[in-house]
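# Structural overview for review
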Amino acid sequence: MLTRKIAYVDLSPDVSGRTETVPPEWRRRYVGARGVNMHLLYSRYPPVDPLSPDNPLIFGCGLLTGLPGFGSGRMNVTAYSPASGNLGDSNVGGHFGPELRFAGYDHLVITGQSPRPVYLLIQDDRIEIRDASRLWGQTTLETQQMLRHELNDDRLRVLTIGPAGERLVRMASIITGPKDAAGRFGMGAVMGSKNLKAVAVRGSQDLTVAHPRELLDYGREQLDALWRRKWVQALGRQGTPLLIAPANEGGWLLTRNDQAGPLGERGRSMYAESLEPYSLGMASCFGCTVHCRHRHEIKGGPRGEGPEYSVFGWGAANLDVPDTEFVIRANDLVNAYGMDVMDTLVMIGFAFELYQRGIISRSTAGGPLEWGDGETALALIHQIARREGIGDILAEGSYALAKLPREAGPYLLRVKNAIVGPAPGGRVVKSFALGHSVATIGGHLHRNRPGIDVLGLPPQVLADLYEGPASSDYRSYEGKARMVWWHELLYAVCDSLGFCRFQTVFNSPHAPQYPQYQRLIQLALDWDMSVEELREAGERIYTTERLLLGRLGVGTREHDTLPQRWLEEPVAGGPCQGEVIDQAQLDRFLDQYYALHGWDNNGQPRPDTVKALGIA
Amino acid sequence: MERRDIQVNVPVCTGCRLCEIACSLFHRGAVNPEGARVRVIEDWARSLYEPHICQLCQPTLCVQACPLEALTQDSASGVVRVDPDLCNNCGACVAACPHGAIRWSDALGELLVCDRCGGKPSCVPFCHRGALSLPNTSEGGVR
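Read on for an overview of the structure. Keep in mind that what you see is a predicted model, and the values were worked out from it rather than measured.

## Looking at the overall build of chain B
- Along the backbone of chain B there are three helices and nine strands.
- For 143 residues, the compact-globule formula gives about 15 Å, and the C-alpha radius of gyration of chain B, at 15 Å, lands near that figure.
- Along the longest, intermediate and shortest principal axes, the C-alpha atoms of chain B span 40 × 35 × 30 Å.
- Looking at chain B as a whole, 52% of its 143 residues are labelled buried.
- Of the roughly 5,900 Å² of accessible surface on chain B, 50% is carried by carbon and sulfur atoms.
- If you average the places of the 13 positive and of the 15 negative side-chain charges in chain B, the two averages end up 7 Å apart.

Below is the structure:
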């Protein structure tokens, strides 16, 4: 635990790899996972074409990944993104991260390009590049099963791409297990561009800790306390689909690519309870006591895991198909091909709107694309993954705009060229929307979403938590800059420790956060890291990401904006009809937000801030 | 040490492997599932996670199968003890166990079987779903 390693692997012929101990000061200053990945990217790898051999694909485990804690199965995959052309970073759960640590490594940096399909096999200290020609073309689960069978090891952990990553579909994901995904920002396309089908790992080394018995006791006490929480019990029973009802009834789960209002009564057919006939029970990532993932079966069909709220939101609500069986089928198909559920479903909704507006013809579309037609949506998933027909255009994600009529542009909702789509809450929950404008990976909820903003908590609870006033009304702009900033620092630390978002202040103001992290770090490493030092690490990580955006040419105020639809078209119906983002309020938010980070009025980190944080 | 039965309820296991974490921390002072005496096996096709842990059988098939008398069963607790000096990894006990609960680790060079942590199993309290429970004791039923 006290000494951890980075392995550098180059897949190009005749280039040898090497290993390096993670410098202790990096761990102390950037914590691990996302933080150390970002430091590696910033300090060693200038921006390059994301699909070129020089783009480093960085896998990073958290400082506490694999230990008793708050959902410690997680890790980050980081690279320049072929989906947005900017910064790519995707957090993934399951069991791979801990296994990589048991093999002795905290980070893998993969560069180069193999002339033929290969996979990487890591068995403790031994790392081999192996032929993957027979795996090429296989789905994500088949690949994992084939590798387990061939290596005669039912404990092998694999991160793999599916056929979509092989074909450089820009929203290709990396999958481990039946559905855990490094889903966003095209990390699977980066693997495909390197001819890297999979990374398989098996470790048998002790992850030593400073105070094992105390860690066992503290871990048990904390997990017991967590398990008693109502929100944990609910999440452990219904999974993330529990959010559908409040989002629909609150009026912020909208339909038809954000053109129309919420589903209203029709949405009831896809509330969390609708999964019960399909659910076989729950599943979880390594070391997690929340167990938020369904195991499912469509009668007579294959079994699988999921689906999550995202597939209901970006799929069922967005496409106007409030049908749970459709959601399960879409979930399984997208994961089998290895694509991001959000981006894939957003591209399908985008195509539906282009067809509705006559921007693409029936012949370009290959047939009618009608809202509410789930079968056509499923057919488009196949076409995107196989790059067939219009699927070949949609597979380009944001870059599809270059192949479409000019007037298509505004209907693909993006921030910093990353697809946002009809993200729930977009115009209604102001902290969610404003968070999208500044997220360092383009519009994505997990950089800064103050999930608790929709709970209507007493103002004093918010003021105590955020050390400053914030409105309890989710439609208000007041105090939301502080809220977004506060969550950015916490989530940067949470990711870098290897912990789960759902077990920190996302669903509840009383969830574990800095004080519990501080104690776990002390028990695991014997480090006394104060809450202030942890928060400063969060700021260092976030500011490093902002500096990376600067290098990529999107790190200034003009890029901190939102889709035109959110700024110009009020919500068309439901309880939040008329809500829209006010540009003057967005500007005011940015002023406050930049000041909290110590960035200048144009959104660039001030030299004194960079110096004080010691970023180099 | 008195007998501590651990009841296994497969359908509710979520595969979190906190049992493996707790077991290895207790026995090794480090997290290392390879060295855990409880093990969760996944079956993706059936969408099941199956915990395997010693059931303190009587008669004890693993003990009977051992040609070198490296295994003995403690009469009071039912726990199977391994004498590492006598064990030569012949695999007879592993083949004989109907629960898949005794295992040789090539990587660690150890025969691994649950010893109930000396009377207070570390894994069970971490299993909030009740896939592992202590049915006969006040502290241990399904929670």
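On we go.
## Side note on helix α12 (residues 341–356) of chain A
All names here are of chain A.
- Spanning 16 residues, α12 covers 23 Å between terminal C-alpha atoms, matching the ideal 22 Å at 1.5 Å per step.
- Among the 16 residues of α12, 15 are classified as buried, and the element is accordingly described as predominantly covered.
- Following α12 by one or two positions, G358 has its phi on the positive side, about 75°.

## Some points on the pattern of salt bridges
Residue and element names in this part refer to chain A.
- On inspection of all chains with the given rule, the structure shows 60 salt bridges over all chains.
- For the salt bridge of D153 with R202, the shortest nitrogen-to-oxygen distance reads 2.9 Å. In this pair, D153 is assigned in the loop between α4 (140–150) and β9 (157–160) and R202 in strand β12 (residues 196–202), connecting sequence segments 49 residues apart. Residue D153 shares its accessibility class with R202, and that shared class is buried.
- Note that D495 and R501 form a salt bridge whose closest N and O atoms lie 3.0 Å from each other. Note on accessibility: D495 and R501 belong to one class, buried.
- Through salt bridges with shared partners, one network takes in R34, D89, R447, D495, R501 and E545.

## Side note on the sheet that holds strand β17 (residues 293–297) of chain A
Residue and element names in this part refer to chain A.
- Overall, antiparallel pairing links the three strands, which are arranged β16-β17-β18 in an open sheet. Both edges of this open sheet fall to β16 (279–283) and β18 (303–305), since each of them pairs with a single strand only. Ignoring strand direction, the axes of neighbouring strands in this sheet form an average angle of 25°.
- The pairing of β17 with β18 spans three bridges and is antiparallel. Looking at the pairing, R295 lines up with E305 of β18.
- On top of the sheet, helix α8 (residues 230–238) reaches β16 and β17; it is set at about 130° to β16, its chief contact.

## Topic: the interface of chain A and chain B
- Opposite the 50 residues of chain A that make contact, chain B presents 37 residues.
- Carbon and sulfur atoms make up 53% of the area that chain A and chain B hide from each other, which totals about 3,600 Å².
- In terms of surface lost to chain B, no three residues of chain A exceed A:R155, A:L216 and A:R295, which account for 19% of the buried area on that side.
- In this assembly, chain A and chain B are joined by five salt bridges.
- Measuring nitrogen to oxygen at the nearest pair gives 2.8 Å for the salt bridge that ties A:D206 to B:R28.
- Summed over the shared surface of chain A and chain B, the number is 23 residue pairs in polar contact (both at pLDDT 80 or more).
- The set of elements that each furnish at least two residues to the side of chain A that touches chain B consists of α3 (96–102), α4, β13 (207–208), α7 (212–228), α8, β16, β17 and β18 of chain A.
- In terms of residue count, α7(A) provides more of the side of chain A that touches chain B than any other element does, nine residues in total.

## Some details on the packing of helix α11 (residues 324–337) of chain A against helix α14 (residues 374–386) of chain A
Residue and element names in this part refer to chain A.
- Close contact between α11 and α14 brings their axes to 10 Å; oriented N to C, the two are set at 5°. Looking at the two axes, α11 sits roughly parallel to α14. Residues F326, R329, A330, L333, V334 and Y337 of α11 touch α14, and the partners they reach there are G374, E375, A377, L378, I381, H382, A385 and R386.
- Tallied by class, the residues present in the contact of α11 with α14 amount to nine nonpolar, two polar and three charged.

## Here we look at the nonpolar core
- By size, the foremost hydrophobic cluster in this structure holds 153 residues, and its most contacted members are A:L64 and A:Y593.
- By size, the runner-up hydrophobic cluster in this structure holds 57 residues, among which are A:A7, A:V109, A:M187 and A:I441.

## With respect to the sheet that holds strand β3 (residues 57–61) of chain A
Residues and elements named next belong to chain A.
- Read across the open sheet, the six strands follow the order β2-β1-β6-β3-β4-β5; overall the sheet is mixed. The two strands at the open ends of the sheet, each matched to only one other strand, are β2 (18–21) and β5 (87–92). This sheet shows a mean twist of 15° between the axes of neighbouring strands, independent of strand direction.
- The pairing of strand β1 (residues 5–10) with strand β6 (residues 105–111) spans six bridges and is parallel. The residue bridging A7 from the neighbouring strand is L108, located in β6.

## Focus: the pairing of strand β7 (residues 118–123) of chain A
Residue and element names in this part refer to chain A.
- Where burial is concerned, most of β7 is hidden: five out of the six residues are buried.
- Inspection of the sheet shows β7 paired to strand β8 (residues 126–131) by six bridges, in the antiparallel sense. Following the sheet pairing, L120 is matched in β8 by I129.
- Linkage of β7 to β8, two consecutive antiparallel strands, is achieved through a turn of two residues, within which D124 is found at a positive phi near 50°.
- In this sheet, β12 lies alongside β7 in parallel orientation, the contact comprising six bridges. Opposite Y119, over in β12, you have A198 as the bridge partner.

How each quantity is defined
Residues numbered from 1 in each chain as written. Chains lettered and ligands numbered in written order. Predicted model: local features only at pLDDT ≥ 70, side-chain atom pairs only at ≥ 80, totals over all residues. Heavy atoms only, no water. Helix = DSSP H or I, 4+ residues; strand = E, 2+ residues; numbered from the N terminus. Rg over C-alpha atoms; globule rule 2.2 N^0.38 Å. Buried < 20%, exposed > 50% of the residue type's maximum accessible area, 1.4 Å probe, protein only. Areas by Shrake-Rupley, 256 points an atom, 1.4 Å probe, with all protein chains shown as cover. Lys, Arg positive; Asp, Glu negative; His and termini not counted. Charge placed at Lys NZ, Arg CZ, Asp CG, Glu CD. Expected span 1.5 Å × (residues − 1). Salt bridge = Lys/Arg side-chain N within 4 Å of Asp/Glu carboxyl O. Pairing = 2+ DSSP bridges. Axes fitted to C-alpha atoms, helices over the stretch in contact; angles between N-to-C directions. Contact = heavy atoms within 4.5 Å. Buried area = accessible area lost by both parts, 1.4 Å probe. Polar contact = N/O pair within 3.5 Å; in protein donor to acceptor, adjacent residues only side chain to side chain. Parallel < 35°, antiparallel > 145°, perpendicular 65-115°, else oblique. Nonpolar A, V, L, I, M, F, W, Y, C, P; charged D, E, K, R; others polar. Core = buried A, V, L, I, M, F, W, Y, C linked by side-chain atoms within 4.5 Å.

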